[in-house]
There are 4 protein chains.
Amino acid sequence: MKTYLVAGLVAFGVVTQTLAQGAPPNVVNYQATINNVKYLFASVPPVARLKPGDILDTNTLDCFGNAIQKPGDTLSMIKGDNPLTGPFYIEGAEPGDTLAVKILDLQVDGDQGIGALAPGFGAINPTSYTPMLAPAPPEKIWFYPIDHATNTATFQALDSKFSVKIPLRPFFGCIGVAPAGSEARGSIVPAEFGGNMDSPEASVGNTVYFPVNVPGALLYLGDGHAAMGDGEIAGTAVEVPLRGRVQVSVIKGQKINWPRFENDDAIMTVGAYRPLDDCLRIAYTELVSWIHQDYGLSELDTYELLSEVGRVHLNEMVDPNYVVVASIQKKYLPEKKK
Amino acid sequence: MKTYLVAGLVAFGVVTQTLAQGAPPNVVNYQATINNVKYLFASVPPVARLKPGDILDTNTLDCFGNAIQKPGDTLSMIKGDNPLTGPFYIEGAEPGDTLAVKILDLQVDGDQGIGALAPGFGAINPTSYTPMLAPAPPEKIWFYPIDHATNTATFQALDSKFSVKIPLRPFFGCIGVAPAGSEARGSIVPAEFGGNMDSPEASVGNTVYFPVNVPGALLYLGDGHAAMGDGEIAGTAVEVPLRGRVQVSVIKGQKINWPRFENDDAIMTVGAYRPLDDCLRIAYTELVSWIHQDYGLSELDTYELLSEVGRVHLNEMVDPNYVVVASIQKKYLPEKKK
Amino acid sequence: MKTYLVAGLVAFGVVTQTLAQGAPPNVVNYQATINNVKYLFASVPPVARLKPGDILDTNTLDCFGNAIQKPGDTLSMIKGDNPLTGPFYIEGAEPGDTLAVKILDLQVDGDQGIGALAPGFGAINPTSYTPMLAPAPPEKIWFYPIDHATNTATFQALDSKFSVKIPLRPFFGCIGVAPAGSEARGSIVPAEFGGNMDSPEASVGNTVYFPVNVPGALLYLGDGHAAMGDGEIAGTAVEVPLRGRVQVSVIKGQKINWPRFENDDAIMTVGAYRPLDDCLRIAYTELVSWIHQDYGLSELDTYELLSEVGRVHLNEMVDPNYVVVASIQKKYLPEKKK
Amino acid sequence: MKTYLVAGLVAFGVVTQTLAQGAPPNVVNYQATINNVKYLFASVPPVARLKPGDILDTNTLDCFGNAIQKPGDTLSMIKGDNPLTGPFYIEGAEPGDTLAVKILDLQVDGDQGIGALAPGFGAINPTSYTPMLAPAPPEKIWFYPIDHATNTATFQALDSKFSVKIPLRPFFGCIGVAPAGSEARGSIVPAEFGGNMDSPEASVGNTVYFPVNVPGALLYLGDGHAAMGDGEIAGTAVEVPLRGRVQVSVIKGQKINWPRFENDDAIMTVGAYRPLDDCLRIAYTELVSWIHQDYGLSELDTYELLSEVGRVHLNEMVDPNYVVVASIQKKYLPEKKK
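It should be emphasised that the depicted structure is a prediction, and the values quoted were computed from it without experimental measurement. Along each chain, residue indices are assigned from 1 in the same order as the chain's sequence is written. All chains are assigned letters beginning with A, and all ligands numbers beginning with 1, in the order in which they are written. Residue-level local features of this predicted model are given only where pLDDT is at least 70; pairs of side-chain atoms are given and counted only at 80 or more, and the full residue set underlies all totals for whole chains, interfaces and linings. Water and hydrogen atoms play no part in the side-chain values, which are based on all heavy atoms of the structure.

**Student:** If you had to explain the overall build of chain A to someone new, which residues and values would you point to?
**Tutor:** Each helix is a run of DSSP H or I of at least 4 residues and each strand a run of E of at least 2, with the numbering of both proceeding from the N terminus. Per the secondary structure count, chain A includes two helices and 21 strands. Our radius of gyration is a C-alpha quantity, and the globule rule it is checked against amounts to 2.2 Å times the number of residues to the power 0.38. Expected size for 338 residues packed as a compact globule is a radius of gyration near 20 Å; at 20 Å, chain A falls within 12% of this value. Judged by the C-alpha coordinates and their principal axes, chain A covers about 60 × 45 × 40 Å. In chain A, which comprises 338 residues, the share counted as buried stands at 67%. Of the contacts made within chain A by residues no fewer than 6 positions apart, 76% connect residues no fewer than 24 positions apart. Computed by Shrake-Rupley with a 1.4 Å probe, the accessible areas treat only the displayed protein chains as cover when residues are assessed. Counting only carbon and sulfur atoms, one obtains 52% of the accessible surface of chain A, whose full area is about 10900 Å². The averaged location of the 36 negative side-chain charges in chain A is 4 Å from the averaged location of its 25 positive side-chain charges. Residue burial is assigned from relative accessible area. The probe radius is 1.4 Å, only protein chains are included, and a residue is buried under 20% of its type maximum, exposed over 50%, and partly exposed in between. Contacts: residue pairs with any heavy atoms within 4.5 Å of one another. Charge convention: Lys and Arg are scored as positive, Asp and Glu as negative, and His as well as the terminal groups of each chain are ignored. To locate a charge, take NZ of a lysine, CZ of an arginine, CG of an aspartate or CD of a glutamate.

This is the structure we're talking about:
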């Protein structure tokens, strides 16, 4: 028996779980259907339990619960937005720890994607939280045929014959854990617990970190996107069901306030609130803290360095909270502190 | 005599100026010094006149007027922020036209860059317009040696021995024209007339378009940046003097409301106001209009397409107004209307 | 048996519950203690049941659970913020109805009030959701002796000998119902369900309306304020336990989206979100709708009229969401439609 | 000869000008017409010169230059928004001083007021700076007959027969000085120099203070409002020409950053920027500074006191910048420091 880092995990802290040397990770399979999905990030009984190091092989329904299938179908046919697969209980995860979820594989689980204009959503039309004395755009649905051979979705204009292929870059629009303080939040909400972050960073090769708020953390997945523009401005991406494989681990005794992403090249922080100005402040202050604590640069040196090489990715400006990811490439950082 | 497009100009409208066939563009040279710079975007007598198609070969001082040269120098030695080279009068440009400025070449005009924390600036500290009952960070200055051979600037931490090389990607932090309505705006302001946009898009290979508000448009250049992080969060980039070559042209009778960028691959719109939420709304509604008008997609099809492939680049969140650039790659667009 | 309006209730809709003619309203007494309070607006078993027309006579603990009693006590002694009395199940209230709560009496239930600077709160210091690279102000606690004879609280400066009397105007900082969509929200959150609105409008003589999201509505009360400045900028009011009497009724089949207030003189709407710009848009669009639907003015006439006589009361800018109340005096309105 | 305070002036600093004892103030008369108004707050030759203590008796055109007179008139008939009377040069006012303007009298200078919905303006419709993919409301004009006997304006609905009287409370929508840094700002802009603040506080009995940015300060007046709702949400108030009398004085060597108001009962600070969150931060931090410096309370005691008795008045959310006034009644303050 030997302690080692979960293979390939790029962690900002000390991963303390032990795995049997040489043993392949255990794989837990779970099949989501419209009958077992959830519509809240909350503390409810888990659908399965994982041990640190385990791989979860599962699927997610699209944000409409796969209810929109053909022209003529309408949003009124949807049972609920963003049905969630889970929750999954991760053994050993306790409040004050950090949950790490490495995304190993993601595949579009179907042959078409859906885009829709829905009342109350959208970055540049009147919405529920930015209401105006002006008519909302009409409900509209676009169908995107998926070509698995070329790994593309095809945009087809509704008002003309124009069409164009878009490369697939699938990610989980929803990935998160049970919120703190016993809150239960709808599956369209992004916040400190992750949730509906609509972060393209939630894709293969990246690890996402969450604060653990309840025993077992309670991981949820959903809202697959095959491709998405920055801001997700019309309110939806190319919405698809997904099949995915993720590997979970727990960083004991390491507390974070907001979700983080990491891969071999970069560290990334999430700011998920309103307005965008505050998202940016959250993401960048979190990034300063991370660099200061783990890489040893002073706070003001970090501030200056980020002013020259920091990157910002606007994820979405349409959900109840907006989401921004700030990042820095590791090549610009000192060696990480032990 | 024959009418043709200015060589290499990628324009969203019809360029109507005529140039002598085969003649090389006229080059106008102008040397900026601390004694002839301006500190306002305003209607004042021009320093030189250009004809459409002319190339301007000039230089800009850094945002401190080149006053900070060595450790121990302080911001109190600065005569004014963002000294501007210009204005340049472009023959034939009338209110209601669009000025196109293609950036042909940019070189860092010196051997070091400067970064600084200055009172009242910064995205994640109290500022003049987001004041707090909390102390501002102290004034600090970082010096970045420039290595022209490797095309890098070197960040050197003040509080540790860490240093790291940053690739140079020079651009004009200030590029703009005289404002509408006879306004005169300080050289730290970005708005409809361009100005202190701090857009890395103002770099070689890109054309920037401005609304013409006064006869001759009155082009100003300044505030060279050798490199900059998204948001320019500490309030400065790697600040440098520049040498640059730009080619001007005029699109007659084509009115735009906000600056735009274009290159062979993409069209880009600017939203320059406060808060970021409104910057995004400006940039994306402008992009919808541009695509709808010039490429013929319906507004709602455009909205949906941008929700899948639109890109957002946060330029800065530290000036009196913030700046966001929204863009789409041309490969996703229909053929441009004639 | 006869149908009539609940005595004194000023309702925007049709109150349909029937009460025995001439019978005095039933009074339900309930005593809150630190052992039976809640910390969430959520669907949990009620502590008591009320019929429409019933009067609830109860008490609330202060926002600190009455834990801060004397100099030297610290915020670390608090079990949870904003302990809530309730929930109370109102018979006959179904999703899609409106709950009306008329506030009949409010008395400060003690001899002192508390004000505190707490980490992460405050309109003009760095906070959890507007973080800055700047130190937060230190924890500080102010004690306000209450003089029931003169109906005043006394502010006593900590850093000088200055003191001044402030008139008492008690109100419920927390008043709300179970949220929609099975959400559970912490007791510091204001939103569509009401909650921690910190609205001085929640005081004697006013009726507050809530959307009913679950059977029985589930009314919660708490966070008594003896007095509060607009914005509640340091993060607390003069925090006190309260004794209060409220009368509940149900408006069947009338759906509202956000809380509303009403008294003999005015109608008032709540916008509770972020940033303030959106709070204002919510409150004023709701007010336009209310006037248009119930008083028959066209939407644009209403818009113009509000531009001349509308009133805005900033309630608070310190909670996770901010709260604004927009209002119009009834004397400026047409006669209400039957 | 004796030094004394200008009669009735309530100043936050030391008024140092001397006036001949017992002599009545000098009155300067100036008549504004459409031919001598200005459309910028800027440094231009003054139309008249005043000495400290002088009274200015003048008039202002309405925000449409008095061009809208009868049904059928349209906004296209307007020469420019907010024509300004002035500028007036105040002798002895130098950069770094404060200009005090006491408003002695204001009368509606005509028999009707105008309200209008104009493209690009409005708090709850799409605008130039909060653009949406949604149609703007149509241009509409409301006429308000003024009854000088009852001191009321009458709102008359366009879409029904409803009308209602509104009490007149006239104020200058525009009052300001030449901006700092040689900027010239359009007459619809409120900012540090005052300008189009649309502050009902700019009314009889109040003194308004401005930072002096240029020799003579250069005072401008305009945009009379007979009545206005909080937020001025449709983009206009009851717009009227005014006749007014103001008395000017200069507080030497006292520098302020933003406009302030004062009367016998209260001190008030202005935050004029975007978004409202930042307006509030500006106004309240200015108020904390004022109280701390002039009344001697510590900053944190002031913060706490304002959290209990501070008042916020949203002036407008429709101009290029928004305006909030924060205030405290003097009865809650210590005695002013000498």
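Now that the structure has been shown, the text picks up again.
**Student:** I'd like a rundown of the interface of chain A and chain B, residues and numbers included.
**Tutor:** Between chain A and chain B, the contact holds 64 residues from the first and 64 residues from the second. Summed over both sides, the interface between chain A and chain B buries roughly 5000 Å², with carbon and sulfur atoms accounting for 62% of that surface. Salt-bridge detection follows one rule: a side-chain nitrogen of Lys or Arg within 4 Å of a carboxyl oxygen of Asp or Glu. The interface formed by chain A and chain B contains two salt bridges. For D230 of chain B, the salt bridge is made with R311 of chain A, and the minimal N-O distance between the two is 3.1 Å. Any pair of nitrogen or oxygen atoms within 3.5 Å is treated as a polar contact; in protein, a donor-acceptor pairing is required on top of that, and neighbouring residues in sequence qualify only through side-chain atoms on both sides. Our enumeration of links across chain A and chain B arrives at 42 residue pairs in polar contact (both at pLDDT 80 or more). Listed by contribution, the elements that provide at least two residues to the side of chain A that touches chain B are strand 7 (112-117), strand 8 (140-147), strand 10 (163-167), helix 1 (276-295), helix 2 (299-309) and strand 20 (311-316) of chain A. Top contributing element to the side of chain A that touches chain B by residue count: helix 2 of chain A, with nine residues. Charged means Asp, Glu, Lys or Arg here, nonpolar means Ala, Val, Leu, Ile, Met, Phe, Trp, Tyr, Cys or Pro, and polar covers whatever is left, Gly included. Its residues assigned to classes, the side of chain A that touches chain B comprises 39 nonpolar, twelve polar and 13 charged. Buried area adds together the accessible area that both of two parts lose upon being put together, with accessible area traced by a 1.4 Å probe.

**Student:** Any chance you could break down the packing of helix 1 (residues 276-295) of chain B against helix 2 (residues 299-309) of chain B for me, citing the residues and the numbers?
**Tutor:** Residue and element names in this part refer to chain B. The contact between helix 1 and helix 2 brings their axes to 9 Å, and the two run at 125°. In terms of orientation, helix 1 lies oblique with respect to helix 2. Taken as a pair, helix 1 and helix 2 cross one another with a handedness that is right-handed. Across from Y284, L287, V288, I291 and H292 in helix 1, the residues of helix 2 making contact are E299, T302 and L306. Grouping the amino acids of the contact of helix 1 with helix 2 by side-chain chemistry returns five nonpolar, two polar and one charged. Where helices are involved, their axes are fitted lines through C-alpha atoms of the stretch in contact, as for all axes, and angles between N-to-C directions lie from 0 to 180°. Angle categories are assigned with fixed cut-offs, so that under 35 degrees is roughly parallel, over 145 is roughly antiparallel, 65 to 115 is roughly perpendicular, and the rest are oblique. Crossing handedness follows the turn of the near helix against the far one: under a right angle anticlockwise gives a left-handed crossing, and clockwise gives a right-handed one.

**Student:** Give a detailed account of the packing of aromatic side chains, specifying residues and quantitative values.
**Tutor:** Geometry of an aromatic ring pair is reported as the spacing of the ring centres plus the angle between the planes. We call Phe, Tyr and Trp rings a pair once their centres come within 6.5 Å, taking the six-membered ring for Trp, and we label the pair stacked below 30 degrees between planes, edge-to-face above 60, and tilted otherwise. Tallying each qualifying case throughout the model produces 32 aromatic pairs over all chains. Note on F155 of chain B and F162 of chain B: the rings are 6.4 Å apart at their centroids and 55° apart in plane angle, and the pair reads as tilted. By relative accessible area, which is 16% here, F162 of chain B ends up buried. The rings of F41, F193 and Y220 of chain A are connected pair by pair, giving a single aromatic cluster. Whether a charge sits over a ring depends on NZ of Lys or CZ of Arg being within 6 Å of the ring centre and within 35 degrees of the ring normal. For R49 of chain A, the ring lying beneath its charged end belongs to Y89 of chain A, and the centroid distance is 4.0 Å.

**Student:** I'd love a proper account of the interface of chain D and chain A, names of residues and values included.
**Tutor:** Contacts between chain D and chain A engage eight residues on the former and eight residues on the latter. In total, chain D and chain A occlude about 900 Å² of area from one another, counting both sides; carbon and sulfur atoms represent 67% of this. Broken down residue by residue, the surface that chain D buries against chain A is led by I124, M132 and L133 of chain D, which jointly contribute 51%. Summed over the shared surface of chain D and chain A, the result is zero salt bridges.

**Student:** Lay out the relation of the copies chain D and chain A with the relevant residues and their values.
**Tutor:** With an RMSD of 0.0 Å, the operation that places chain D on chain A is a rotation of 180° combined with a shift of 0.0 Å along the axis. One copy is carried onto the other by what is essentially a two-fold rotation axis. Distance from the rotation axis, computed per C-alpha, reaches its smallest value in chain D at A134 of chain D: 3.1 Å. A shared binding surface is used by both copies, with 100% of the interface residues of chain D retained as interface residues in chain A. All copies are superposed by least squares; the fitting set is the C-alpha atoms of residues with a pLDDT of at least 70 in both.

**Student:** Break down the side chain of D277 of chain A for me, citing the residues and quoting the values.
**Tutor:** Relative to the elements of secondary structure, D277 of chain A occurs in helix 1. No salt bridge is formed by the buried D277 of chain A. Its closest oppositely charged neighbour is R281 of chain A, at 4.7 Å. Each residue touching D277 of chain A, except ones within four places of it in the same chain, is listed here: P275, L276, D277, M317 and Y322 of chain B.

**Student:** An account of the side chain of D73 of chain A is requested, with residue identities and associated values reported.
**Tutor:** All names here are of chain A. By secondary structure assignment, the location of D73 is in the loop between strand 4 (55-60) and strand 5 (84-90). A polar atom in the side chain of D73 sits 2.7 Å from the backbone nitrogen of Q69. Aside from chain neighbours lying at most four places away, what touches D73 is A67, I68 and I141.

**Student:** I'd like a rundown of the pattern of salt bridges, residues and numbers included.
**Tutor:** One pass over the full model with this rule turns up 52 salt bridges over all chains. Two residues, D73 of chain A and K70 of chain A, come together in a salt bridge whose shortest N-O distance is 2.9 Å. A salt bridge links R49 of chain B to E91 of chain B; the nearest nitrogen and oxygen atoms lie 3.1 Å apart. Here the residue R49 of chain B occupies a position in strand 3 (residues 48-50), and E91 of chain B occupies one in the loop between strand 5 (84-90) and strand 6 (98-108), the gap between them amounting to 42 residues. Among the charged side chains, a salt-bridge network with shared partners connects D57, R243 and R245 of chain A.

**Student:** Give a description of the nonpolar core that names residues and reports values.
**Tutor:** In terms of nonpolar packing, the biggest core is built from 420 residues, with L99 and I175 of chain A, I175 of chain B, L99 and I175 of chain C together with L99 and I175 of chain D touching the most fellow members. Ignoring sequence-local partners within four residues, the contact set of L99 of chain C consists of I90, V177, V208, Y209, F210, V212, A217, L219, V248, S249 and V250 of chain C. For this analysis, a nonpolar core means a set of buried residues of the types Ala, Val, Leu, Ile, Met, Phe, Trp, Tyr and Cys, connected via side-chain atoms within 4.5 Å.

**Student:** Quick rundown of the environment of N66 of chain A? Include the residues and the values.
**Tutor:** Turning to its location among the elements, N66 of chain A is positioned in the loop between strand 4 and strand 5. Each C-alpha atom of the pair N66 of chain A and F162 of chain A lies 26 Å from the other, and the pair is 96 residues apart in sequence.

**Student:** Could you give an account of the relation of the copies chain A and chain B, naming the residues involved and the relevant values?
**Tutor:** Once turned by 180° and shifted 0.0 Å along the axis, chain A lies on chain B with an RMSD of 0.0 Å. Most of the interface of chain A is mirrored in chain B, where 100% of its interface residues again form contacts.

**Student:** If you had to explain the pairing of strand 6 (residues 98-108) of chain D to someone new, which residues and values would you point to?
**Tutor:** Residues and elements named next belong to chain D. In terms of burial, strand 6 is largely enclosed, as eight of its eleven residues are buried. When strand 6 meets strand 15 (residues 207-211), the two strands line up antiparallel, connected through five bridges. Bridging from a neighbouring strand, K102 pairs with T207 of strand 15. Of the strand pairs in this sheet, strand 6 and strand 17 (residues 242-251) are connected by ten bridges, and their pairing is antiparallel. Of the residues in strand 17, the one forming a bridge with T98 is I251. Each pair of strands is called paired provided DSSP finds at least two bridges between the two strands.

**Student:** Describe the sheet that holds strand 11 (residues 171-176) of chain C, and please don't skip the residues or the numbers.
**Tutor:** Sheets are built from strands paired through backbone hydrogen bonds, the pairs being either parallel or antiparallel. Sheet architecture is open: six strands sit in the order 3-5-16-11-14-13 (chain C), paired in mixed fashion. At either end of the open sheet lies a strand with only one pairing partner, and these are strand 3 (48-50) and strand 13 (190-191) of chain C.

**Student:** How would you explain helix 1 of chain B if you had to name every residue and give the values?
**Tutor:** Residue and element names in this part refer to chain B. For helix 1, with 20 residues, the first-to-last C-alpha span of 27 Å sits near the 28 Å given by 1.5 Å per residue. Burial analysis of helix 1 places 17 of its 20 residues in the buried class, the great majority of the element. Of the residues flanking the end of helix 1, it is G296, one or two places downstream, whose phi is positive at about 80°. Here, expected helix span is obtained from the residue count minus one, scaled by 1.5 Å.

**Student:** Could you give an account of the sheet that holds strand 13 (residues 190-191) of chain B, with specific residues and numbers?
**Tutor:** All names here are of chain B. Here we have six strands laid out as an open sheet, ordered 3-5-16-11-14-13, and mixed in their pairing. Each end of this open sheet is capped by a strand with a single partner; those strands are strand 3 and strand 13. Where strand 3 meets strand 5, three bridges bridge the pair, whose relative direction is parallel. Of the residues in strand 5, the one forming a bridge with L50 is I90.

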